Amino acid sequence: MAGVIIPPASLLKLIAEIAEIPLNAGVFKKDCTDLTRRVSLLTHLIEEIKDSNQIDSSSSENDWWSDLVVALQASKRLLSSARDSSDVATKRISFQFQCVTWKLEKALSNLPYDLYDISDEVKEQVELARSQLRRAMQRYGSLNSNKFSSALSELMERDVKIKAEEEKDESVAETLHLAEEKKQLTKSPSISLAFYLSKDADSERLDKMVTKNTDESSKLTVPVDFLCPVSLELMKDPVIVSTGQTYERAYIQRWIDCGNLTCPKTQQKLQNFTLTPNYVLRSLISRWFTEHNIKQPGNGRCGDMSMIRSLVRSLSNRSLEERRNAVSEIRSLSKRSTDNRIMIAEAGAIPVLVNLLTSEDVATQENAITCLLNLSIYDNNKELIMFAGAVTSIVQVLRAGTMEARENAAATLFSLSLADENKIIIGGSGAIPALVDLLENGTPRGKKDAATALFNLCIYQGNKGRAVRAGIVPALVKMLSETSSHRMMVDEALTILSVLASNLDAKSAMVKANTLPALIGILQTGQGRNRENAAAILLSLCKRDNERLVLIGRLGAVVPLMELSKNGTERGQRKASSLLELLRKACQ
């Protein structure tokens, strides 16, 4: 991926700069306030990622990070410019808020929690931010009336013309001064030109010109025809709609998904919603980059739609070998990029893949469940997978498939459960007992996949009782007491127990499973976040129960709690102090 790999420290600085931008007092005051607050919610996430040292420009797992960087830079630029109160500016800014909100939510939806040591408290903050962003997207979606669409269409035409003049006269928008950045590019080859050519780059770079080498007299302006009329960004995947106009695929798809039935630029009714790749324009853009010796931003596409449609047709072939080969190739494509995940879903693969989950051929079933796991990473595909009735078949694979298939089934359920409404459906499908079984009897990877899915499902109150009835508490308490390699699951066990601790049945099960000594042991010898979670669970179990309070005092809780109350994090200090206060009252 040709993107921007910016270290966490720089992103923390960017968030701080966003927080310091003076609030808009005009019509966008609420929008600016809300966006600033949602961005600020990400501070603790970035801090924990910084501590994990897992951001690596060579890893495809970090594509979401580049998306987040771009989204935050766009947020800063928007908050700094959302002050114009003119009619035209108001419509433009409204749509920009919608786009920025979409970009932020999209980036966070692909966050691989298991790659970083993220605490449950921070996960809750991220999910809160995502929930707020989704609600904001729905609110902005109401702007898509015919009147708004017409005004927006007129605005976009004018913006393109204005932009062309500004590029000649004032050097703004998609332009920058590469000479001033050449030393930085030499030192940091991972910072690609995609960033500098992006409209979402920070405003200082946006106000400069693209130059070839270091000759300031030889200035290059990105041709206006290469910019998407909706986003005014350089197109990486141009597609043609039925009116003959060309747009960047992601933005025109978003326009259509919002319920618009017309072409944004011409306002003509779209006869169909087919998006045809504009190979001619893509070739021209590529040639322009080559001629000017500039590295072209990659678009991550690994095959055109006709090839993918052919593979999807082969999924239903009578030949087992043909089906095997097709699902294996689709698995490979679905792993590589978001664009591929979109195209595979558009080609109608999801219902066919769901049918293949019941295949008696082991390889086919394993590849089919892995395909659905990969496809579910893209948020819009989650709904399609649920609509195809996949949960029942996924649970069946989780119960009776090979170990690899079971692990990927658990990971798929976790991915689908990130949408709150799916937590209820998955919880009622019989998935929780199967996940608990994998938690107890799976491989180390399987245990982690099961734990991650169970944690997310148990955030929903109704699933906590199901998990307790499935025997999750004894399984988790056993993990707290195990030695050797099994100790790797202590983090996950404590995190899930801390979520369950608010449930009365779970509390009873924890007491019955003799959890208190294990928690005291972790409080005495554990590390950082585990001690915090142990204190939080003890507080929940012992509140309003003097007998248990006296017991944990005898077991040696006081000294480690005093240390945690002084040297722990804010959360750890709060939990430890509350528990010490209860212990003092119990002794009196």
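Structure first, text after, so check above.
Residues numbered from 1 in each chain as written. Predicted model: local features only at pLDDT ≥ 70, side-chain atom pairs only at ≥ 80, totals over all residues. Heavy atoms only, no water.

Q: Requested: an account of the overall build of the chain, with residues and values cited.
A: Of the regular secondary structure elements, the chain holds 32 helices and 5 strands. Of all 588 residues assigned to the chain, the portion counted as buried reaches 53%. Put simply, 70% of the contacts in the chain that link residues at least 6 apart link residues at least 24 apart. (Helix = DSSP H or I, 4+ residues; strand = E, 2+ residues; numbered from the N terminus. Buried < 20%, exposed > 50% of the residue type's maximum accessible area, 1.4 Å probe, protein only. Contact = heavy atoms within 4.5 Å.)

Q: I'd like a description of the packing of helix H13 (residues 305–314) against helix H14 (residues 320–336), backed by residues and values.
A: Angle between the axes and distance between the axes: these two values describe a pair of packed helices. Across the interface, H13 lies against H14 with an axial gap of 8 Å and an inter-helix angle of 140°. Taken together, the axes of H13 and H14 lie oblique to each other. As H13 runs across H14, the sense of the crossing is left-handed. Across the interface between the two elements, Met307, Ile308, Leu311, Val312 and Ser314 of H13 pack against Glu322, Arg323, Ala326, Glu329, Ile330 and Leu333 of H14. (Axes fitted to C-alpha atoms, helices over the stretch in contact; angles between N-to-C directions. Parallel < 35°, antiparallel > 145°, perpendicular 65-115°, else oblique. Left-handed = near helix turned anticlockwise from the far one by under 90°.)

Q: Account for helix H27 (residues 504–512), naming residues and giving values.
A: Within H27 the residues assigned to the buried category are Ala506, Ala509 and Met510. One face of H27 carries all of its buried residues, which in axial projection span an arc of 100°. Within H27, the exposed residues directed more than 90 degrees away from the buried face are Leu504 and Lys512. Those residues of H27 hidden inside the fold are in contact with helix H24 (461–469), helix H25 (472–481), helix H26 (490–500), helix H28 (515–525) and helix H29 (528–542). Structurally, the start of H27 carries an N-cap: the backbone nitrogen of aspartate 505 is 3.0 Å from a side-chain oxygen of asparagine 503. Following H27 by one or two positions, asparagine 514 adopts a phi angle in the positive range, close to 60°. (Arc of directions from axis to C-beta. Polar contact = N/O pair within 3.5 Å; in protein donor to acceptor, adjacent residues only side chain to side chain.)

Q: Run through the nonpolar core, naming residues and quoting values.
A: The biggest cluster of nonpolar side chains holds 139 residues, and the ones touching the most others in it are Leu68, Leu439, Ile472 and Ile552. Sequence-distant contacts of isoleucine 472, that is, excluding residues within four places in its chain, are made with Val436, Leu439, Leu454, Ala467, Ile496 and Leu500. By size, the runner-up hydrophobic cluster in this structure holds 26 residues, among which are Leu234, Val239, Ile252 and Phe289. (Core = buried A, V, L, I, M, F, W, Y, C linked by side-chain atoms within 4.5 Å.)

Q: Quick rundown of the sheet that holds strand S5 (residues 276–277)? Include the residues and the values.
A: If you trace the 3 strands from one edge of the open sheet to the other, you get S4-S3-S5, paired in antiparallel fashion. Two strands close off the open sheet at either side, each with one partner strand: strand S4 (246–248) and S5. Bridge count between strand S3 (residues 238–240) and S4: 3 bridges; the pairing is antiparallel. What sits directly across from valine 239, in S4, is tyrosine 247. Contacts from helix H11 (residues 249–257) reach S3, S4 and S5 within the one sheet, and its direction differs from that of S4 by about 95°. (Pairing = 2+ DSSP bridges.)

Q: Quick rundown of the pattern of salt bridges? Include the residues and the values.
A: For the coordinates displayed, the defined rule picks out 26 salt bridges. A salt bridge links arginine 130 to glutamate 105, with the shortest nitrogen-to-oxygen separation between them at 2.8 Å. Residue arginine 130 is found in helix H6 (residues 120–141), and its partner glutamate 105 is found in helix H5 (residues 87–109); the two are separated by 25 residues along the sequence. Of the two residues, arginine 130 and glutamate 105, both sit in the buried class. (Salt bridge = Lys/Arg side-chain N within 4 Å of Asp/Glu carboxyl O.)

Q: Kindly report on a nonpolar patch on the surface, identifying the contributing residues and their values.
A: Together, Ile424, Ile425 and Tyr460 make up a nonpolar patch on the protein surface, roughly 260 Å² of accessible area in all. Mapped onto the fold, tyrosine 460 is located in the loop between helix H23 (444–458) and H24. (Patch = residues over 30% accessible without salt bridge, like charges linked within 9 Å, V, L, I, M, F, W, Y side chains within 5 Å. Areas by Shrake-Rupley, 256 points an atom, 1.4 Å probe, with all protein chains shown as cover.)

Q: Please give an account of the packing of helix H22 (residues 431–441) against H25 that cites residues and values.
A: At a minimum axis distance of 10 Å, the contact between H22 and H25 shows a crossing angle of 20°. One finds that H22 runs roughly parallel with respect to H25. The element H22 and its partner H25 pack so that their crossing is left-handed. Where H22 abuts H25, its residues Val436, Leu439 and Glu440 lie against Ile472, Ala475, Leu476 and Met479.

Q: With reference to specific residues and values, describe the packing of aromatic side chains.
A: Counted under the stated rule, the structure contains 4 aromatic pairs. Geometrically, the ring pair formed by phenylalanine 28 and phenylalanine 97 is stacked, given 5.6 Å between the ring centres and 25° between the ring planes. Of the two residues, phenylalanine 28 is situated in the loop between helix H1 (8–20) and helix H2 (29–40) and phenylalanine 97 in helix H5; the sequence distance between them amounts to 69 residues. The same class applies to phenylalanine 28 and to phenylalanine 97, which are both buried. On the basis of an interplanar angle of 85° and a centroid distance of 5.6 Å, the ring pair of tryptophan 64 and tryptophan 65 is categorised as edge-to-face. Comparing tryptophan 64 with tryptophan 65, the two get one shared label, buried. An aromatic cluster is built from Phe226, Trp288 and Phe289, whose rings are joined through pairwise contacts. The cationic tip of lysine 123 hangs over the ring face of phenylalanine 455; the distance from NZ or CZ to the ring centre is 4.9 Å. (Phe/Tyr/Trp six-rings, centres within 6.5 Å; stacked < 30°, edge-to-face > 60°. Lys NZ or Arg CZ within 6 Å of the ring centre and 35° of its normal.)

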